[in-house]
Amino acid sequence: MTMTDQEFMQQMQERVEQLRGEQRRLHERLATDLRQMHSMQMGLNVLAGALALGLGLSVGYQIGRL
């Protein structure tokens, strides 16, 4: 069975729309993942700052005891 040009164009257009939908979902997922990574990075920065402050206070206390 041979396809007419119109049928071929219809199938190609449907496939392009399907691919666009997949691309949009992929971009949405990527944006979500990047937002989550940014939040985790901010949390890690806060944790590292708190640890550095704690270490500094501990060292200061030990020096003060001498």
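Described below are features of the structure shown in this document.

Comments concerning the overall build of the chain
- When helices and strands are counted, the chain shows 1 helix and 0 strands.
- Here the C-alpha radius of gyration of the chain, 28 Å, is well above what a compact globule of 66 residues would show, namely 11 Å.
- For the chain, buried positions account for 2% of its 66 residues.
- When the accessible area of the chain is evaluated, it comes to approximately 6,400 Å², of which 63% is carbon and sulfur surface.

A look at the pattern of salt bridges
- Evaluation of the coordinates by the stated rule reveals 2 salt bridges.
- Put simply, Arg20 and Glu17 hold a salt bridge, and the shortest N to O gap is 3.0 Å. Taken together, the positions of Arg20 and Glu17, both in helix α1 (residues 5-65) and 3 residues apart, correspond to about one turn of that helix.

Scoring rules and cut-offs
- Going along each chain's sequence as written, the residues are numbered from 1 onward.
- Note on the predicted model: pLDDT of at least 70 is required for a residue's local features to be given, and 80 or more for side-chain atom pairs to be given and counted; whole-chain, interface and lining totals, by contrast, use all residues.
- Only hydrogens and water are set aside when side-chain values are computed; all heavy atoms of the structure are taken into account.
- Runs of E in the DSSP output that reach at least two residues are strands. Runs of H or I that reach at least four are helices, and both are numbered from the N terminus.
- Computation of the radius of gyration draws on C-alpha atoms alone. For the globule rule, the value is 2.2 Å times the number of residues to the power 0.38.
- Type-normalised accessible area, obtained with a 1.4 Å probe on protein chains alone, sets the label of each residue: buried when under 20%, exposed when over 50%, and partly exposed for intermediate values.
- Where accessible areas are quoted, they stem from the Shrake-Rupley method and a 1.4 Å probe; at the residue level, only the protein chains shown are allowed to cover.
- Salt bridges are counted wherever a side-chain nitrogen of Lys or Arg sits within 4 Å of a carboxyl oxygen of Asp or Glu.

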